[in-house]
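Structure at a glance
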Amino acid sequence: MTYAITQTCCSDATCVAVCPVNCIHPTPEERAFGSTEMLHIDPATCIACGACADACPVDAIFPVDRLPAEQREYAEINAAYFAGEGAETAPEAAPDGPNFHAWGEPSFPRVLPADFAPLKVAVVGTGPAGMYAAQDLLLHTSAEVTLIDRLPVAGGLVRYGVAPDHPATKKVGETFARFHAHPRVRMHLGLDVGTDVTPEEIAAHHDAVIYAVGASADRRLSIPGEELPGSISATGFVAWYNAHPDAAQDAIDLSAERAVVVGNGNVALDVARILLADPDTLARTDIADHALRALRDSTVREVVLLARRGPEDAAYTRSELLALKHLPDVELVVDDHDPRIASAVDAAGPRNKAGVLKGVARERIDGERPPAPGRRIVLRFHSEPVEVLGEDRVDAVRVRAGSGERTIRAGLVLRAIGYRGRPVAGLPFDETTGTVPHEGGRVQGLPGTYVVGWIKRGPSGGIGANRTCAAETVSTLLADAVAGALPAPAHPPRAFHRLARRRNRQVVDAKGLAAIERAETARGRDAGRPRVKLATVAELVSTARAGRPGLLR
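Let's talk about the overall build of the protein chain
- When you go through the protein chain residue by residue, the secondary structure sums to 19 helices and 23 strands.
- The globule rule puts the C-alpha radius of gyration for 553 residues at 24 Å, and the 24 Å found for the protein chain is close to it.
- Reported as C-alpha extents along the three principal axes, the dimensions of the protein chain are approximately 70 × 70 × 50 Å.
- The buried share of the protein chain, taken over its 553 residues, is 55%.
- When the accessible surface of the protein chain is split by element, carbon and sulfur atoms take 50% of a total near 24,000 Å².

Re the sheet that holds strand S10 (residues 231-233)
- The strand order S10-S19-S11-S12-S15-S13-S14 describes an open sheet built from seven strands, whose pairing is parallel. In the strand order of this sheet, the two ends are held by S10 and strand S14 (361-363), each with one partner. Looking at each pair of strands side by side, their axes are set apart by 25° on average, direction ignored.
- Of the strand pairs in this sheet, strand S12 (residues 302-306) and strand S15 (residues 376-380) are connected by five bridges, and their pairing is parallel. When the bridges of S15 are listed, leucine 305 appears paired with leucine 379.
- Where helix H10 (residues 266-276) meets the sheet, its contacts fall on strand S11 (258-262), S12, S15 and strand S19 (412-415), and the angle it forms with S12 comes to roughly 170°.

Considerations on the sheet that holds strand S17 (residues 396-401)
- Strand order in this open sheet of three strands is S16-S17-S18, and the pairing throughout is antiparallel. Each of the sheet's edge strands pairs with one partner strand only, and the pair in question is strand S16 (384-389) and strand S18 (404-409). Strand-to-strand, the axes of this sheet are offset by a mean angle of 25°, without reference to chain direction.
- For S16 and S17, the ladder comprises five bridges, and the chain directions are antiparallel. Paired with leucine 389 across the bridge in S17 is alanine 396.

Examining the packing of H10 against helix H13 (residues 318-325)
- Taken N-terminus to C-terminus, the directions of H10 and H13 make an angle of 15°; their axes are 10 Å apart at the nearest point. Between H10 and H13, the angle is such that the two are roughly parallel. For the crossing formed where H10 meets H13, the hand is left-handed. Taking contact as the criterion, the partners of Asn266, Leu269, Asp270 and Arg273 in H10 are, on H13, Glu320, Leu321 and Leu324.

Some points on the packing of aromatic side chains
- All chains considered together, the criterion is met by five aromatic pairs.
- Taking the centre distance of 5.0 Å and the plane angle of 85° together, the rings of tyrosine 132 and phenylalanine 176 count as edge-to-face. With tyrosine 132 in helix H4 (residues 128-140) and phenylalanine 176 in helix H7 (residues 172-177), this pair connects stretches of sequence that are 44 residues apart. An identical accessibility class is assigned to tyrosine 132 and phenylalanine 176; each is buried.
- Through successive ring pairs, a cluster of aromatic residues spans Phe237, Trp240 and Tyr241.

Concerning the state of the cysteines
- Applying the stated criterion across every chain, the model contains zero disulfides.
- In this model cysteine 10 remains outside any disulfide bridge; the closest cysteine sulfur is found in cysteine 56, 5.9 Å from its own.
- Left without a disulfide partner, cysteine 46 is nearest to the cysteine sulfur of cysteine 23, which lies 4.7 Å away.
- By relative accessible area, cysteine 46 is classed as buried at 15%.

Remarks on the pattern of salt bridges
- Counted by the stated rule, this structure contains 36 salt bridges.
- As a salt-bridge pair, aspartate 338 and arginine 340 come within 2.8 Å of each other at their nearest N and O atoms.
- Assessed through its relative accessible area of 8%, aspartate 338 is described here as buried.
- Residue arginine 340 is classed as partly exposed on the basis of its relative accessible area of 43%.
- A cluster of three or more residues bridged by salt bridges with shared partners is formed by Asp218, Arg220, Glu226, Glu227 and Arg415.

Topic: the pairing of S18
- The pairing of S17 with S18 spans six bridges and is classified as antiparallel. The partner of arginine 398 across the bridge, within S18, is threonine 407.
- Hairpin connection between S17 and S18: a loop of two residues separates the two successive antiparallel strands, and glycine 402 in this loop has a positive phi of roughly 65°.

Quick word on the environment of glycine 374
- Checked against the element boundaries, glycine 374 lands in the loop between S14 and S15.
- Accessibility expressed as a relative area gives 44% for glycine 374, which makes it partly exposed.
- Each C-alpha atom, one on glycine 374 and one on arginine 442, is 53 Å from the other, the two residues being 68 residues apart in sequence.

Brief notes about helix H3 (residues 73-83)
- Buried within H3 are the following residues: Tyr74, Ile77, Asn78, Ala80, Tyr81 and Phe82.
- Elements in contact with the buried residues of H3: strand S1 (3-5), strand S2 (24-25), strand S3 (40-41) and H13.

Here we look at a positive patch on the surface
- The grouping of Arg186, Arg494, Arg498 and Arg502 at the surface amounts to a positive patch.
- The leading source of residues in the positive patch is helix H17 (residues 493-503), at three residues.
- Looking at the secondary structure, you find arginine 498 in helix H17.
- For arginine 498, a relative accessible area of 46% translates into the label partly exposed.

Examining helix H18 (residues 510-527)
- The terminal C-alpha atoms of H18, which comprises 18 residues, lie 26 Å apart, in line with the 26 Å expected from a rise of 1.5 Å per residue.
- Considered for burial, the residues of H18 that qualify are Gly512, Leu513, Ala515, Ile516, Glu520, Thr521 and Gly524.
- The inward-facing, buried residues of H18 contact helix H5 (157-160), strand S7 (185-189) and helix H19 (537-546).
- Of the residues flanking the start of H18, the one acting as N-cap is aspartate 509, its side-chain oxygen 3.2 Å from the backbone nitrogen of lysine 511.
- Glycine 528 lies just past H18 and shows a positive phi near 70°.

Some details on the packing of helix H9 (residues 234-241) against H10
- Between H9 and H10, the shortest axis-to-axis distance is 10 Å and the interhelical angle comes to 50°. Accordingly, the angle class assigned to the pair H9 and H10 is oblique. Classified by chirality, the crossing of H10 by H9 is left-handed. Judged by residue contacts, Ala234, Phe237, Val238 and Tyr241 of H9 engage Val267, Asp270, Val271, Ile274 and Leu275 from H10.
- When grouped by side-chain class, the residues that make up the contact of H9 with H10 number eight nonpolar, no polar and one charged.

What counts, and at which threshold
In every chain, residue numbers begin from 1 and rise along the written sequence. Note on the predicted model: pLDDT of at least 70 is required for a residue's local features to be given, and 80 or more for side-chain atom pairs to be given and counted; whole-chain, interface and lining totals, by contrast, use all residues. The side-chain figures draw on all heavy atoms in the structure; neither hydrogens nor water molecules are used. In this text, helices come from DSSP runs of H or I with a minimum length of four residues, and strands from runs of E with a minimum of two, each type numbered from the N-terminal end. This radius of gyration counts C-alpha atoms alone. The globule rule is 2.2 Å times how many residues there are, raised to the power 0.38. Under the scheme applied here, a residue whose accessible area is under 20% of the maximum for its type counts as buried, over 50% as exposed, and between as partly exposed, the area being computed with a 1.4 Å probe on protein chains only. Each accessible area is a Shrake-Rupley result for a 1.4 Å probe, and residues are judged covered by the shown protein chains and nothing else. Paired strands, in this sense, are two strands between which DSSP finds at least two bridges. Where helices are involved, their axes are fitted lines through C-alpha atoms of the stretch in contact, as for all axes, and angles between N-to-C directions lie from 0 to 180°. Residue contacts are defined here by distance: any two heavy atoms, one from each residue, within 4.5 Å place the two residues in contact. The cut-offs work like this: below 35 degrees is roughly parallel, past 145 is roughly antiparallel, 65 to 115 is roughly perpendicular, and the gaps in between are oblique. Left-handed describes a crossing whose near helix is turned anticlockwise from the far helix through less than a right angle; right-handed describes the clockwise counterpart. In this analysis, rings of Phe, Tyr and Trp, with Trp reduced to its six-membered ring, are considered paired at centre separations within 6.5 Å, and the interplanar angle assigns stacked below 30 degrees, edge-to-face beyond 60, and tilted for intermediate values. Whenever a pair of cysteine sulfur atoms sits within 2.5 Å, that pair is classed as a disulfide. The working definition used for a salt bridge is a side-chain nitrogen of Lys or Arg within 4 Å of a carboxyl oxygen of Asp or Glu. In this analysis, a patch consists of residues with relative accessible area above 30% that form no salt bridge, clustered at 9 Å for like charges and at 5 Å for the nonpolar side chains Val, Leu, Ile, Met, Phe, Trp and Tyr. Under the convention used here, Asp and Glu are negative, Lys and Arg are positive, and both His and the chain ends fall outside the count. A charged residue contributes its charge at one atom only: NZ of Lys, CZ of Arg, CG of Asp or CD of Glu. Helix span, as expected, comes to 1.5 Å for every residue beyond the first. Pairs of N or O atoms within 3.5 Å make up the polar contacts considered here, provided that, within protein, one atom can donate a hydrogen while the other can accept it, and that residues adjacent in sequence are counted only when both atoms are side-chain atoms. Each residue receives one of three labels: charged for Asp, Glu, Lys and Arg, nonpolar for Ala, Val, Leu, Ile, Met, Phe, Trp, Tyr, Cys and Pro, and polar for the others, Gly being one of them.

The structure is reproduced here in structure tokens:
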């Protein structure tokens with residue numbers, strides 16, 4: 001028996017660190033790390049010890065003989081990696097001795113000298129990037145960490161970005177939650193940097209500040225009609241079904257029969273899947289109550305995904321497309337409007353994205369007609385939207401395909417063409433890349449100020465990619481500390497705690513966050529769900545206050 005890594009792989013490489021035979025690749029030390037969609041287990045060297053499965057934060061690793069039918073393809077995917085580009089990554093066997101494989105020289109790049117005074121570090125943002133940075137500091141140093149978030153609840157992308165039907169991916173949040181109540185952590189949730197406190201005030205109370213604020217804006221299509229009612233961003237739709245406090249509960253109208261999603265990345269697939277998923281299945285997840293009600297009443301039965309390029313260049317991962325093929329009672333169809341599409345699929349190898357579409361139904365879709373009976377997702381490649389049509393609201397999308405144009409009738413258009421960072425108060429900002437200029441995470445021109453995650457590297461890489469990103473930033477910060485390059489804070493962190501409370505009487509701390517967690521999971525138990533999310537700032541704050549007497553005094 002051997003193990004295999006499956007769809008929900010987050011690539012944070014925790015499994016690599018615990019594997020006794022070095023059979024998981026690519027590792028963070030290998031050049032291919034970060035460029036593959038997932039990590040892979042070599043079936044030829046796996047000893048089935050299960051250490052990787054125990055360590056995996058997102059439950060992505062299983063014995064091959066226990067894979068459910070819809071995931072059996074992952075046994076082949078793991079093995080095929082080592083027959084192709086991964087063949088060179090597997091190390092040679094160690095010489096005769098007690099070790100299973102040759103080990104490299106030990107390295108301790110993120111450890112301060114034993115006599116170094118504890119650093120006081122603020123982390124702005126409690127999503128994966130910020131929490132990986134905090135975890136690194138807490139595990140490798142004696143640093144005291146102040147966690148700050150503009151929302152009154154922690155989680156960031158894990159809470160508000162992961163689709164509700166991906167509960168295994170959300171489990172990484174449990175790893176981060178261990179540090180919320182850490183004795184060297186102070187939490188200030190619901191505190192807005194730039195409104196309640198300034199970056200200068202945070203810096204004046206800490207040795208260093210790490211900004212992990214993500215990329216919360218969406219990219220625009222810049223075509224006529226984009227602003228019509230019924231034309232929305234996938235960012236907003238994801239926030240809506242995940243109960244983000246910024247999303248109005250009545251923001252989405254699902255009265256159309258056909259929706260068009262512009263884009264073909266993983267977010268586009270998430271949107272299409274949620275629009276057509278069985279509401280009874282979604283009712284067993286933590287989807288927002290208002291979204292579940294709307295989806296039960298929805299008349300959407302066809303979702304068309306538009307992609308400018310062909311299936312060989314699709315932005316989604318093979319894992320997410322494989323999952324789409326197994327969506328119950330939803331047909332997956334490739335619009336065969338362009339001969340290049342069939343050619344690319346037929347010529348694709350087994351490890352190519354286009355190859356996943358072999359066996360998927362192909363037909364020419366007439367977008368002028370109402371959708372066919374049943375529910376289906378249509379992949380339409382080599383198609384670019386040029387105008388959203390309608391008077392009072394969206395009625396259709398005009399699409400350029402090859403040398404001609406077609407009209408697709410639709411009452412809902414969602415753009416899923418990528419995220420973009422927003423300027424951060426007090427920090428330099430590159431408008432072209434949507435990121436903060438930096439050197440190894442160090443913000444240029446602002447000693448003691450650092451960035452991590454999407455605001456650092458742009459909106460690329462999933463949850464696990466933030467682990468290596470955070471390691472780089474923390475290494476830079478600690479090197480600056482040892483070099484004496486960090487400015488001395490004018491005030492202690494405890495004074496910042498008092499300042500935050502004066503500026504915002506609704507700030508939530510770790511005990512208030514625990515009260516929110518208890519309330520949501522209790523509501524979930526009553527409804528047979530993992531949790532029922534509180535969807536407004538007022539609900540979150542009042543729940544934190546009720547579970548934490550005297551919180552706002």
